[in-house]
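Survey of secondary and tertiary structure
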Amino acid sequence: MAEPYVRKLSTILLDAVTDKDPLVQEQVCGALCALGDAQPAEALRACEEYLWQHEKLAHPYRTMILRAMETVVSGHISELDKDVARAVIFLASSEMTRAKELVCDWQQAASNVLVAVGKRFIGKVMEEVLSKFQPGALPHYYVVQTLANLAASNVFGMVPFLTSILSTMLPMLGMAKHDTMRVAFCCALQRFSESTLEYLANLDQAPDPTVRKDTFASDIFSAYDVLFNHWMQSREAKLRLAVVEALGPMSHLLPSEKLEEQLPKLLPGVVALYRKHAEAFHVSKSLGQILEAAVGVGSRTLEAQLDLLLAALHAQICVPVESSSPLVVSNQKEVLRCFTVLACCAPDRLLAFLLPKLDASNERTRVGTLQVLRHVINSAAPQMEVKKPFILSSMRLPLLDTNTKVKRAVVQVISAMAHHGYLEQPGGEAMVEYIVQQCALPPESEPRKLAPDSEDLPEDGVRAISISTLYLVSTTVDRMSDVLWPYLLEFLTPTRFTGALTPLCRSLVHLAQKKQEVGADAFLIQYDGNVSLPSPYAITTRLLTVSSHPYLGDGRGAASLRLLNVLHRNIHPLLGQRWATTIPLLLEHLDEHTEETLSQKEWEEKLLAFLRDTLTVVSDNTWTCQLSLEMSKQLPCYNGIAQEKNFLYKCIGTTLGAASSKEVVRKQLQELLETARHQEEAEREGLACCFGICAISHLDDVLAQLEDFMRSDVFRKSTGIFNIFKDRNENEVEKLKGTLILCYGHVAARAPRELVLAKVESDILRNIFQYFSTKVLGIKVETKDPALKLCLVQSVCMASQAICSSAQANSFHFSRKAELVAQMMEFIKAEPPDSLRTPIRKKAMLACTYMASLEPALEEHVQADLIHSCLHSVLPVLPEPEGEDDHQESLYLDTMRALEGLLTGLLRRNMTPQGLQIMVEHLSPWIKSPRGHERVRALSLSACLLRYFLEHLHVSASSPRGARTCGLPRGRRL
């Protein structure tokens, strides 16, 4: 680009700077910077000439041009030649000092140009600036400001000038009467001191390595005398803060003896500023620098100030931190830095002051103290080494605090302790247990929205940081492996730590794998008489049970199975190869599903199949019996957790089924019956499932044990004592009977089909009705418990289904069929016709459906009565309002399907046009009903029956035998 063209374009742009539209001004400045990127020297020349030629241009526009120049200089300093630099320096100096009064934006922009050029041409910039910094006269405010900024931006270039600058500046301090000028001098002294300290810290890179601290000591002390003894007493807060900011770095340059002499006055003077300034950051920062300087010279007077310092600093750390105030956060960091200095020089005094405050009841005091303790544990580790037992013992009361902010602070302290070997000391296990307790806190489903000034933390915040801490310590702190392993195993089985199972398992898996990598013994858990560690049977039971609901607790199912896999050698030496195949398949199944898509029934079947396979591989009756005993022992742990307890019962049934010792099986079944909470529906169902699964292998023993229990003292006592509380006792007896009835039903459903037919009437159904005291064999005693009715109906249904599914069902003569159907009809009739609250109707109709297919056939009047009773019990039920009760809607649909199944089952037994006609005749009154819902349901059932008849007729009529069966002449087709 030709130079004249650049000049011309620059001039056009510069003329447009005065446009009144701020957007145009912004675009012009952007264009000037872009032009400067292409031709920096020409653009700078153009700006320089323009400003000289337009001396009356208003300062806002001059400011914009100067800012554009600074941008170009900063981006292309290495490309500028001396002539351009000299011209820019002279212009910027002139612009900066043209007006004696302060015009901050304009003068600051000019100062910034000088600082930008000074990064390379420091000599020329200093030559110009020092020409306006002459002895005997106060310089322009921005001259001093520029010297301060130059010292910050070009340390190696400025320090060689500082001796002469300071000698010129010192007399000026007494001449400065206005606070604004004094603030500028304070800022300059701060920057000069910081620049000098940086220079001395990097002498190996400095242009003059002979520079020493004492070169500046005398001048800095003279300046210190003015700032501390005169200016810091000012009423102007801005000046006091500027003074204290300067005193911090200046203290490092004071002569050692002078600093020692001044500390008794300096430290109280700085600390006193805490009371005068709400924003304490600058005070704390300076105080930290002064303390570092004092420790650096080995001060002996510092000890006398410790009480004052500790009290003031502790008060600062206890100020609540608001995330909206960055200066408060920064202040706390500086205060902690001060504590680090004191911890290094006076650890005993610090802890003697700090640790008693952990017993304070005030939340802020305790949280602040814990914050300091964590910091000094990390930052003053060598000094705290011998204090570990003392610090650990002082944590006793904070561990008991229930305040969430205190909890969080305690967790952070324990994390620091873990990294520095505290938890290896006596008392360290209590810290580990505390972390696990916090991991076990219940997570909040929706975190609370906190007000900006709220100091409350949601529980989930404590839990989350505890989980993170446990995993971090387990995986990154090598020295913690021996502390955590195998100690963490102790938290697996107590149910109060259930919420912590996932992080526990993940940490244990990592620790176990680490042990294996370094060549630990194949048996990872060395018990050596340690009775606190859970046995292999306890670990297996616990991890398998909680895996039944795998997505709870952040995915504890997968975590538990992985831990089982890692511990296979301790569980049993034969399991490694098999589990290496089966457990990954279970984990893969979980990965393919979510909590919403996983079929609970299918998942439980997979876990039970895994258990059966495990028992087969082990093939050790003693081991199997021990596992079943442990499972029974853990049952009470799941009181109130119905689903998991139900699954554990299934595991017990599976394990007992694999045991070869009949005595053990009978004894454990007896204990289960004696200790079960029969009043809880889920427990009755779980125990019955256990008996049913066990009956697969031990049918005779299970039936014998059920009969023995009925004749035992336990059962007789249940039916005979507490007569003074008759109602309560009757209720307990009813629940116990319900359990036994359900057990028989599940035994019938699960037992081998080739064995169940011989026992279904003589042992199973006979005993079911013996427990159910109602109209049986001419004796009628009505039960008051609907749950007992439901148990009976369910068990009869399961027994009937078991008979139907047997290969010998066609030849089986069900002698109790009529009696059972009559009982089911009685239940159906007893249900309220206008409402549907229990599944009794549904299950009774299902039982009748199964029995309808068995011999002997029901008499016609019994069939008619059954059809009539079912229709009158179901069709009038009023529909629920749409969307009001999903469970009720599901129950209604299931009941309608059961009714449909019963009618089609009866039709199957009499697959003739007459049979169909009888069905339709029963439905006809309902089809003519004035109630719409009854009419719709009856029409739907009629259509279903007709469709079923025609489909069956079409299939059957395809053979001559089928045609005769359907009542059609041979060869005729419908």
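Up top is the structure these notes are about.
Source: prediction; values computed, not measured.

Another aspect to go through is the overall build of the chain. Counting secondary structure elements, the chain contains 45 helices and zero strands. Every one of the 974 residues in the chain was classed for burial, and the buried ones make up 53%. In the chain, the share of contacts with a sequence separation of at least 24, taken over all contacts with a separation of at least 6, comes to 74%. For the chain, the accessible area works out to roughly 43,700 Å², and carbon and sulfur atoms hold 53% of it. Of the charged side chains in the chain, 101 are positive and 112 negative, and the gap between their average positions amounts to 4 Å.

The next subject is the state of the cysteines. According to the stated counting rule, one finds zero disulfides in the structure shown. With no disulfide partner, C651 has as its closest neighbouring cysteine sulfur the one in C690, 9.8 Å distant. Residue classification places C651 among the buried positions, given a relative accessible area of 1%. No disulfide involves C791; its sulfur sits 9.6 Å from the nearest other cysteine sulfur, which is in C743.

This paragraph deals with the packing of aromatic side chains. The relation between two aromatic rings is expressed through the spacing of the ring centres and the mutual angle of the planes. For the structure on display, the rule yields ten aromatic pairs. Between Y141 and Y142, the aromatic rings sit 5.0 Å apart at their centres with planes inclined by 75°, giving edge-to-face as the arrangement. Judged on exposure class, the residue Y141 and its partner Y142 are both buried. A ring pair is formed by F156 and Y199, whose centres lie 5.5 Å apart and whose planes are at 70°; its orientation type is edge-to-face. In this pair, F156 is assigned in helix α9 (residues 155–175) and Y199 in helix α10 (residues 179–201), connecting sequence segments 43 residues apart. One Lys or Arg, K388, reaches over the ring of Y422 and ends 5.4 Å from the middle of that ring.

Before going further, it helps to spend a moment on the side chain of Q145. Positionally, Q145 belongs in helix α8 (residues 141–153). On the basis of relative accessible area, Q145 is assigned to the buried category, the value being 12%. Setting aside anything within four residues of it in sequence, one finds Q145 in contact with Q108 and C187.

A word on helix α18 (residues 363–379). Three- or four-residue spacings in an α-helix give side chains the same orientation, since the helix completes a turn every 3.6 residues. For α18, spanning 17 residues, the distance from its first C-alpha to its last is 24 Å, which sits close to the expected 24 Å at 1.5 Å a residue. Each element contacted by the buried residues of α18 is listed here: α15 (306–317), α16 (326–345), α17 (347–354), α19 (381–384), α20 (388–393) and α21 (404–419). Here α18 starts with a cap whose side-chain oxygen sits 3.0 Å from the backbone nitrogen of R364, and that cap is N362.

A cis geometry characterises the amide bond from W485 onward to P486, with omega recorded as 0°. In this structure, the amide linkage connecting E855 to the following residue, P856, adopts the cis form with an omega of 0°. Structurally, the position occupied by P856 is in the loop between α40 (840–852) and α41 (860–874). Of note in this structure, D554 is not a glycine but carries a positive phi near 65°. Among the structural elements, D554 can be located in helix α27 (residues 552–566). Of note, the phi angle at S619 is positive, near 50°, even though the residue is not glycine.

It is at 7 Å that the axes of helix α32 (residues 642–658) and helix α34 (residues 681–711) come closest, and there the two elements cross at 15°. On the basis of their axis angle, the class for α32 and α34 is roughly parallel. Crossing hand, α32 versus α34: right-handed. In contact with A642, K645, N646, Y649, K650, I652, G653, T654, L656 and G657 of α32, α34 contributes A682, E683, E685, G686, L687, C689, C690, I693, C694, S697 and H698. Classifying every residue of the contact of α32 with α34 gives ten nonpolar, seven polar and four charged.

Here the structure, examined in full by the defined rule, presents 34 salt bridges. As a salt-bridge pair, R62 and E95 come within 2.7 Å of each other at their nearest N and O atoms. A residue pair is termed long-range when its members are at least 10 positions apart, and R62 in helix α4 (residues 59–76) and E95 in helix α5 (residues 82–97) qualify at 33 residues. Summarising the burial analysis for this pair, R62 and E95 share the class buried. A salt bridge links R931 to E934; the shortest N-O distance between them is 3.4 Å. Residue class for R931 comes out partly exposed when judged on its relative accessible area of 48%. Within the structure, one salt-bridge network assembled from shared partners comprises R666, E707, D708, R711 and R766.

Once that is clear, we can look at the layout of surface pockets. By volume, the second largest pocket amounts to about 360 Å³. Taken together, Q600, K601, E604, E605, L608, N646, K650, E685, C689, H746 and R750 make up the lining of the second largest pocket. Of all the secondary-structure elements, those providing two or more residues to the lining of the second largest pocket are α30 (600–618), α32, α34 and α36 (726–750). With five residues, α30 is the largest single contributor of residues to the lining of the second largest pocket.

A water-sized probe rolled over the atoms picks out the places where empty space is left. A complete count under the given rule lists two cavities of 30 Å³ or more for this structure. Empty space within the largest cavity amounts to approximately 80 Å³. Looking at the largest cavity, the residues that line it are I414, S415, A418, L423, M431, V432, I435, T469, L470, V473, M480 and L484. Only α21, α22 (428–439) and α23 (459–476) provide two or more residues apiece to the lining of the largest cavity. If you add up the space inside the second largest cavity, you get close to 30 Å³. Lining the second largest cavity, in full, are Q190, E194, E245, P249, H282, K285, S286 and Q289. Of all elements in the fold, only α10, α12 (237–251) and α14 (281–296) reach the threshold of two or more residues within the lining of the second largest cavity. Broken down by element, the residue count for the lining of the second largest cavity peaks at four residues, all from α14. Each residue belonging to the lining of the second largest cavity can be placed in one class, and the counts come to one nonpolar, four polar and three charged.

What counts and how
Residues numbered from 1 in each chain as written. Predicted model: local features only at pLDDT ≥ 70, side-chain atom pairs only at ≥ 80, totals over all residues. Heavy atoms only, no water. Helix = DSSP H or I, 4+ residues; strand = E, 2+ residues; numbered from the N terminus. Buried < 20%, exposed > 50% of the residue type's maximum accessible area, 1.4 Å probe, protein only. Contact = heavy atoms within 4.5 Å. Areas by Shrake-Rupley, 256 points an atom, 1.4 Å probe, with all protein chains shown as cover. Lys, Arg positive; Asp, Glu negative; His and termini not counted. Charge placed at Lys NZ, Arg CZ, Asp CG, Glu CD. Disulfide = S-S within 2.5 Å. Phe/Tyr/Trp six-rings, centres within 6.5 Å; stacked < 30°, edge-to-face > 60°. Lys NZ or Arg CZ within 6 Å of the ring centre and 35° of its normal. Expected span 1.5 Å × (residues − 1). Polar contact = N/O pair within 3.5 Å; in protein donor to acceptor, adjacent residues only side chain to side chain. Axes fitted to C-alpha atoms, helices over the stretch in contact; angles between N-to-C directions. Parallel < 35°, antiparallel > 145°, perpendicular 65-115°, else oblique. Left-handed = near helix turned anticlockwise from the far one by under 90°. Nonpolar A, V, L, I, M, F, W, Y, C, P; charged D, E, K, R; others polar. Salt bridge = Lys/Arg side-chain N within 4 Å of Asp/Glu carboxyl O. 1 Å grid on protein atoms, 1.4 Å probe; cavity = no way out; pocket = protein on both sides within 12 Å on 5 of 7 lines; lining within 4 Å. Points joined across faces, edges and corners; volume = space filled by probe spheres on them.

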